[in-house]
Amino acid sequence: MKHRVLLLGLGFWGRNWIELISKTDRCELAGVAGAEQELRQIAAQYQVPESICFTDFREAIRKTQAEIAIIVIPGALHFEADTMALEHGMNVITEKPLAMNIEQAEQLLEAKAKHPELKFMASQNYRWRPHNQAIRSAIADGMIGDVEAVEVTFRKQEDLQGYRAGLEQPLLQDVCIHHFDLIRFFTGKDCQKMYCRSYRPSWSLFDGRPSTDAVMTLDGGVRVTYSGSWAARGRETSWDGDFKITGSKGCLTLDANDDVWFFEHKKNDAVVMVSGAQQGVKLEKPQMPFTEMAYGFHMMMDCIEGNTVPETTLEDNFKSYAMVCAGLASVESGMEENCK
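Remember, predicted model here, so these are calculated numbers, not experimental data. (Residues numbered from 1 in each chain as written. Predicted model: local features only at pLDDT ≥ 70, side-chain atom pairs only at ≥ 80, totals over all residues. Heavy atoms only, no water.)

K.L.:
Explain helix α6 (residues 130-140) to me, please; I cannot follow it from the model alone.
P.N.:
Think of an α-helix as turning once every 3.6 residues; residues three or four places apart then point the same way. Listed in full, the buried residues belonging to α6 are His131, Asn132, Gln133, Ala134, Ile135, Ala138 and Ile139. Taken together, the buried residues of α6 touch β7 (147-155), α7 (170-187), β11 (242-247), β12 (250-254) and β13 (260-264). Phi for Gly142, located one or two positions after α6, is positive at around 85 degrees. (Buried < 20%, exposed > 50% of the residue type's maximum accessible area, 1.4 Å probe, protein only. Helix = DSSP H or I, 4+ residues; strand = E, 2+ residues; numbered from the N terminus. Contact = heavy atoms within 4.5 Å.)

In structure tokens, the structure reads:
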């Protein structure tokens, strides 16, 4: 039997989701909700029956006997849609943001705890890219020894689409969740404390502050330095950012070409006054039948069929979201903040 899927939201990511659903033979579309004009376009393009098209996501949840709800509506409505889908017996895949604040995220944890039989996962698609899988495997295999330091740099020019233009902290509120989640994914450690500051370059097209610096302390004393700008000029990174992860045996780097390099530590017998360009070893990336959203979607269906737990559960993603909230609190207070 195919998994019945309800899609809530038909914006940019919603259109990516319906394309994926339409091409996946393990599922069928049970319903879709969006603005009236979007619905007309989608119904015509994908031959969606009018009977399963809704302009009100609440009505869609009430009337659609779906097994999986995919939540891609505006972030301010995520909490209501997530909790309502759980109450109607649906497994949930939600796009970011997890919630609008830490209190709402905690309430979502409480709501999920009432339905232990259901699966709830965040679509943290950056994890499910071949280069990031290669980094995680190399660290798990002990290639660089125990991780003690992580450096992250992110540089992209502004993207003012949709709600982003009005954000007070565009980078922290919209993009940092991906980088913070990758930090946890790579190291296998959670954040304990964070000091964060933000600022607005004079040339920025954002009214808010799109540049962020942060220092984090993870479990076991691992130190992380983060420097990001969503108003970069000149050379840019990928959306993943440039990573340098260091342990006693050397370091791993991720560059803007999505290439992963291993630089082995070799002790110098004498003081070196002139440093040459050290040659790294490029790591092979795993062959993945599915990546990004498709990876997470198939993971959810596998977990339902096998009664197993998704990788990016609500409980796990709460820890990444708490890093964002700690960063925002630190910017406001000017002090180091604890991550819940």
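K.L.:
Just checking my understanding: could you explain the packing of helix α1 (residues 12-23) against helix α2 (residues 36-46) for this structure?
P.N.:
Describing two packed helices takes the angle between their axes plus the distance from one axis to the other. Packing of α1 against α2 brings their axes to within 12 Å, and their N-to-C directions diverge by 25 degrees. Put simply, α1 runs roughly parallel to α2. Crossing geometry of α1 relative to α2 is assigned as right-handed. Contacts from Arg15, Ile18, Glu19 and Ser22 of α1 reach α2 at Glu38, Gln41, Ile42 and Tyr46. (Axes fitted to C-alpha atoms, helices over the stretch in contact; angles between N-to-C directions. Parallel < 35°, antiparallel > 145°, perpendicular 65-115°, else oblique. Left-handed = near helix turned anticlockwise from the far one by under 90°.)

K.L.:
For this particular structure, what's the right way to read the pattern of salt bridges?
P.N.:
A side chain with one charge may pair with a side chain of the opposite charge, provided their charged atoms come close. Evaluation of the coordinates by the stated rule reveals 25 salt bridges. A salt bridge links Glu36 to Arg40, with the nearest nitrogen and oxygen atoms 3.4 Å apart. With Glu36 and Arg40 both in helix α2, this residue pair falls 4 residues apart, about one helical turn. For the pair Glu36 and Arg40, one class covers both residues: exposed. For Asp174, the salt bridge identified is with Arg164, shortest N-O distance 3.2 Å. Pair noted here: Asp174 is in helix α7 and Arg164 is in the loop between β7 and α7, with a separation of 10 residues, a long-range link. In terms of burial, Asp174 and Arg164 fall into one category: buried. Among the charged side chains, a salt-bridge network with shared partners connects Arg127, Asp181, Arg184, Asp190, Glu311, Asp316 and Lys319. (Salt bridge = Lys/Arg side-chain N within 4 Å of Asp/Glu carboxyl O.)

K.L.:
Help me understand the nonpolar core, please; the structure alone is not making it clear to me.
P.N.:
Note that soluble globular proteins tend to have their nonpolar side chains buried in a common cluster. Ranked by size, the top nonpolar core spans 72 residues in total, and within it Leu8, Phe180, Met216, Tyr226, Phe243, Ile245 and Leu252 carry the most contacts. The element best represented in this core is α7, accounting for 10 residues. Leave out the neighbours within four places in its chain, and Leu252 touches Ile135, Ala138, Ile139, Met143, Ile144, Phe243, Lys244, Ile245, Val260, Trp261, Phe262 and Leu283. Grouped together as the second largest cluster of nonpolar side chains are 29 residues, Ile18, Ala43, Val72 and Ala294 included. (Core = buried A, V, L, I, M, F, W, Y, C linked by side-chain atoms within 4.5 Å.)

K.L.:
I keep staring at the pairing of β11 and nothing clicks. Help me out?
P.N.:
On any regular strand, side chains alternate: one points to one face of the sheet, the next to the other face. Burial along β11 is one-sided: the residues Phe243, Ile245 and Gly247 are buried and none of Asp242, Lys244 and Thr246 is. As judged from the 6 bridges shared by β7 and β11, these two strands associate in the antiparallel manner. Across the sheet, Val150 pairs through a bridge with Ile245, a residue of β11. By the bridge criterion, 5 bridges tie β11 to β12 in an arrangement that is antiparallel. By the bridge assignment, Lys244 is partnered in β12 with Thr253. (Pairing = 2+ DSSP bridges.)

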